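Letter by letter, the chains look like this.
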Amino acid sequence: MTIIAFLRPLLLRGHRRLAELPPQHNYCIKTPLSVTVEGQDTSAREFRNRLATGPGFPDFLKRASAEKKDPQLPQADVEDTHSYFPEASLSGDGRKVYFETYGCQMNVSDTEIAWSILQRRGYLRTKDPSQADVILLVTCSVREKAEQTIWNKLRQLATLKQKRPKTQSPLKLGVLGCMAERLKTELLEREKLVDVLAGPDAYRDLPRLLSVAHGGLRASNVLLSLEETYADVMPVHRTPQGHSAFVSVMRGCDNMCSYCIVPFTRGRERSRPIASILEEVRLLLDQGVREVTLLGQNVNSYRDTSVQQLSGVEPTRRSRGFSALYRDRQGGLRFADLLDRVSLVDPEMRVRFTSPHPKDFPDEVLQLIQERGNICKQIHLPAQSGSSRVLQAMRRGYTREAYLELVAHIRGIIPEVSLSSDFIAGFCGETEEDHQQTVSLLRDVRYNMGFLFAYSMRQKTHASRRLQDDVPLEVKQRRLEELITVFREEASKVNAGLIGSAQLVLVEGESKRSATELCGRNEGNLKVIFPRQEVPTNPSSTCTAAISPGDYVLVKITSASSQSLRGIPLCHSTLSSTGTAVH
């Protein structure tokens with residue numbers, strides 16, 4: 001006998017017994033739902049109205065896309081609204097917020113996005129943490145040292161919070177960005193140092209989170225999104241002199257390098273529509289910005305599929321000898337398309353990009369960099385190690401030989417290119433021989449700029465699950481110091497080759513060391529320091545003018561170090577009249 005056949009008579013018997021019960025036994029129904037000839041019972045109708053106007057399932061989904069819009073078209077400012085949360089309670093009411101930003105330039109961009117959202121809600125911004133009602137730390141989790149710095153800062157701020165006068169509203173502390181996502185439990189429950197946590201994809205929710213915090217509760221949103229690019233949020237840029245700015249073009253990363261926490265704190269790759277990026281670049285141009293840097297965790301894997309009719313069917317084209325863990329993608333406007341359109345906004349606006357992956361440098365990108373006078377001939381080419389064995393353990397998708405072949409190919413297309421790179425000392429299983437191969441790579445390539453760090457294990461990464469952090473700390477530090485020494489030696493030689501040349505410099509402002517000197521950056525992104533003085537308005541003019549931040553100036557280089565150049569200003573200039581640096 002089946003279970004259904006066995007249960008059927010029991011169910012039927014129970015149903016008959018319920019039917020025989022008198023009406024007064026139906027106590028579980030407190031509100032009659034009977035329908036009269038005139039219509040529904042009043043109380044039932046009110047109950048259903050309350051259900052209809054309350055929060056629905058989409059209200060509890062991150063950026064539920066109930067209404068489809070054309071993402072290629074500029075949209076009005078859009079924020080998540082919560083029908084169950086009073087609109088007035090989301091207002092900042094003039095509260096002052098102080099931001100402190102750590103880590104990469106993506107965090108600088110995130111700060112500008114978060115501030116744009118809060119500014120629209122009536123918050124004010126202050127540069128003085130002692131005057132703030134809200135202090136928000138935009139954090140980094142890439143290295144252990146960065147996290148420890150933030151822990152120390154939070155403990156200092158907790159003391160400031162305790163000393164706040166009782167006549168003022170309580171000070172609220174918040175952690176934004178990668179550390180909020182990675183250490184949510186420790187921050188909220190164990191240490192109890194913060195009132196608000198917002199992950200990289202939750203900045204739209206900041207007004208609500210702060211409203212909850214001002215009500216005396218802790219609030220958190222660290223959900224990652226497959227769609228969020230903040231394409232409709234115009235960041236409030238606060239660059240030092242207002243003449244250079246970062247423009248975020250994509251978020252997240254799919255590479256899954258074994259040492260990297262980024263895919264777990266910022267999620268999967270998704271690209272911002274080109275129309276939105278161009279709108280921001282034009283706004284920056286109107287504000288006097290002379291240089292934009294396109295920003296992303298893997299910026300040159302950009303792929304905009306937002307408008308179907310503009311999306312081709314060609315597969316991803318990679319650098320020769322490079323592979324990826326994920327499947328090749330088809331369609332979309334690629335990084336070459338983006339770079340092309342941004343560079344056409346204004347031929348007098350410099351264009352840079354960071355941080356790319358070596359695998360995504362097809363010839364069309366390299367040729368475009370060479371052809372366009374306003375795309376800087378400077379490429380960041382992260383190597384991480386000079387050992388093929390270590391590169392395989394890092395899951396980088398290339399060998400030492402493929403990397404060197406790419407360097408030669410880039411220099412063949414862009415002879416005057418400046419190269420920079422990232423290196424990690426003491427990765428899991430790195431031997432002394434592996435380390436020496438990295439040293440030799442530094443000598444072979446001869447970078448203009450470098451970013452070198454000792455390895456620190458990050459939780460959730462492939463390395464934390466499958467590899468052993470077996471290089472002693474003192475060995476890591478010794479190897480790091482050796483890499484830094486070699487890098488500086490080679491960079492000094494490369495930069496010394498610029499002595500006697502005329503470099504086009506975008507002036508940033510006064511030198512940090514002397515009010516009588518100015519500083520700026522050349523096309524290779526090297527700092528150039530020169531005397532403050534009047535110079536001819538153009539190469540053939542006898543009229544002179546003072547040099548101001550935002551000006552392009554030709555500077556003749558007289559000395560060089562591994563970190564900077566020094567020279568004498570020759571004249572005011574432009575990108576179109578100068579082109580590349582002249583020897």
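Fair warning: this is a prediction, and the values are worked out from it, not measured in the lab.

Trainee: So what about the packing of aromatic side chains? Which residues, and what values?
Mentor: Tallied over the entire structure, the rule returns 9 aromatic pairs. Ring centres of phenylalanine 427 and tyrosine 455 lie 4.9 Å apart, and the angle between their planes is 75 degrees; this geometry places the pair in the edge-to-face category. Placement of phenylalanine 427 in the loop between strand 15 (418-425) and helix 14 (432-445) and of tyrosine 455 in the loop between strand 16 (449-454) and helix 15 (462-466) is noted, with a sequence separation of 28 residues between them. A single burial state applies to phenylalanine 427 and to tyrosine 455, both of which are buried.

Trainee: Go over the pattern of salt bridges with me, naming the residues and quoting the values.
Mentor: Across all of its chains, the model carries 32 salt bridges by this definition. A salt bridge links glutamate 100 to lysine 153, with the shortest nitrogen-to-oxygen separation between them at 3.7 Å. On the criterion of sequence distance, the pair formed by glutamate 100 in strand 1 (residues 96-101) and lysine 153 in helix 4 (residues 144-162) is long-range, its members being 53 residues apart. Between arginine 251 and aspartate 201 there is a salt bridge, with its nearest N and O atoms 3.9 Å apart. Of this pair, arginine 251 sits in strand 8 (residues 250-251) while aspartate 201 sits in the loop between strand 5 (196-198) and helix 7 (206-214); the two residues are 50 residues apart in sequence, bridging distant segments of the chain. Since its relative accessible area comes to 2%, arginine 251 is described here as buried. Judged by relative accessible area, which is 1%, aspartate 201 ranks as buried.

Trainee: Explain the sheet that holds strand 10 (residues 291-295) to me, using residue names and the numbers behind them.
Mentor: Strands sit in the order 7-10-13 across an open sheet of 3 strands; the sheet is parallel. Each end of this open sheet is capped by a strand with a single partner; those strands are strand 7 (244-248) and strand 13 (350-354). Averaged over all neighbouring strand pairs, the angle between strand axes comes to 25 degrees, with direction disregarded. As judged from the 5 bridges shared by strand 10 and strand 13, these two strands associate in the parallel manner. Each bridged residue has a counterpart across the sheet, and for leucine 295 the counterpart in strand 13 is threonine 354. Across the sheet, helix 9 (residues 274-286) is in contact with strand 7 and strand 10; its angle to strand 7 comes to roughly 165 degrees.

Trainee: Give a detailed account of the sheet that holds strand 18 (residues 517-521), specifying residues and quantitative values.
Mentor: Hydrogen bonds between backbone groups are what pair the strands of a sheet, and the pairing can be parallel or antiparallel. Taken together, the 5 strands give a closed barrel; going around it, the order is 17-18-19-23-22, and neighbouring strands pair in mixed fashion. Direction aside, neighbouring strands of the sheet carry axes that sit 50 degrees apart on average. Examined bridge by bridge, strand 22 (residues 552-560) and strand 23 (residues 564-572) share 7 bridges and lie antiparallel to one another. Residue pairing in the sheet places lysine 556 in a bridge with isoleucine 568 of strand 23.

Trainee: How would you explain unusual backbone geometry if you had to name every residue and give the values?
Mentor: Residue serine 355 follows threonine 354 across a cis peptide bond; omega there is 0 degrees. By the secondary structure assignment, serine 355 is in the loop between strand 13 and helix 11 (363-371).

Trainee: Lay out helix 13 (residues 400-413) in plain terms, naming residues and giving numbers.
Mentor: Here helix 13 contains 14 residues, and its C-alpha end-to-end distance of 20 Å stays within 8% of the 20 Å for a straight helix at 1.5 Å per residue. Within helix 13, the full set of buried residues consists of Arg400, Ala402, Tyr403, Leu406, Val407, Ile410 and Ile413. Across the axial projection of helix 13, the buried residues extend over an arc of 165 degrees, all falling on one side. Turned more than 90 degrees away from the buried face of helix 13, the exposed residues are Glu401, Ala408 and Gly412.

Trainee: Explain the pairing of strand 23 residue by residue, including any values.
Mentor: Note: strand 19 (residues 527-531) against strand 23, 3 bridges, orientation parallel. Within strand 23, the position partnered with isoleucine 529 by the bridge is arginine 566. The hairpin turn running from strand 22 into strand 23, its antiparallel successor, is 3 residues long.

Trainee: Please set out the side chain of serine 385 residue by residue, giving values where relevant.
Mentor: For serine 385, the position within the fold is in the loop between strand 14 (378-380) and helix 12 (388-394). Note on serine 385: relative accessible area 2%, which makes it buried. A polar contact is formed between the side chain of serine 385 and the backbone nitrogen of serine 387, at a distance of 3.1 Å. With residues up to four places along the chain from it excluded, the contact list for serine 385 reads Val390, Leu391, Met394, Phe423, Thr438 and Leu441.

Trainee: How would you sum up the nonpolar core? Please name residues and give values.
Mentor: Counting 70 residues, the largest nonpolar core has Leu294, Leu339, Ile379 and Tyr447 as the members making the most contacts within it. With 6 residues, helix 13 is the single largest residue contributor to this core. Each residue touching leucine 339, except ones within four places of it in the same chain, is listed here: Leu294, Val351, Phe353, Val365, Leu368, Ile369 and Ile375. Among the nonpolar cores identified, the runner-up in size contains 24 residues, and Leu118, Leu209, Tyr230 and Val233 belong to it.

Trainee: Help me get a handle on the packing of helix 10 (residues 335-343) against helix 11, residues and values and all.
Mentor: Where helix 10 meets helix 11, the axes come as close as 9 Å, and the angle between the chain directions of the two elements is 15 degrees. Comparing the axis directions of helix 10 and helix 11 gives the class roughly parallel. Crossing angle aside, the handedness with which helix 10 passes helix 11 is left-handed. Residues Phe335, Ala336, Leu339 and Asp340 of helix 10 form the contact with helix 11, whose participating residues are Glu364, Val365, Leu368 and Ile369. In terms of residue class, the contact of helix 10 with helix 11 is built from 6 nonpolar, no polar and 2 charged.

Conventions adopted
- Residues numbered from 1 in each chain as written.
- Predicted model: local features only at pLDDT ≥ 70, side-chain atom pairs only at ≥ 80, totals over all residues.
- Heavy atoms only, no water.
- Phe/Tyr/Trp six-rings, centres within 6.5 Å; stacked < 30°, edge-to-face > 60°.
- Helix = DSSP H or I, 4+ residues; strand = E, 2+ residues; numbered from the N terminus.
- Buried < 20%, exposed > 50% of the residue type's maximum accessible area, 1.4 Å probe, protein only.
- Salt bridge = Lys/Arg side-chain N within 4 Å of Asp/Glu carboxyl O.
- Pairing = 2+ DSSP bridges.
- Axes fitted to C-alpha atoms, helices over the stretch in contact; angles between N-to-C directions.
- Contact = heavy atoms within 4.5 Å.
- Expected span 1.5 Å × (residues − 1).
- Arc of directions from axis to C-beta.
- Polar contact = N/O pair within 3.5 Å; in protein donor to acceptor, adjacent residues only side chain to side chain.
- Core = buried A, V, L, I, M, F, W, Y, C linked by side-chain atoms within 4.5 Å.
- Parallel < 35°, antiparallel > 145°, perpendicular 65-115°, else oblique.
- Left-handed = near helix turned anticlockwise from the far one by under 90°.
- Nonpolar A, V, L, I, M, F, W, Y, C, P; charged D, E, K, R; others polar.

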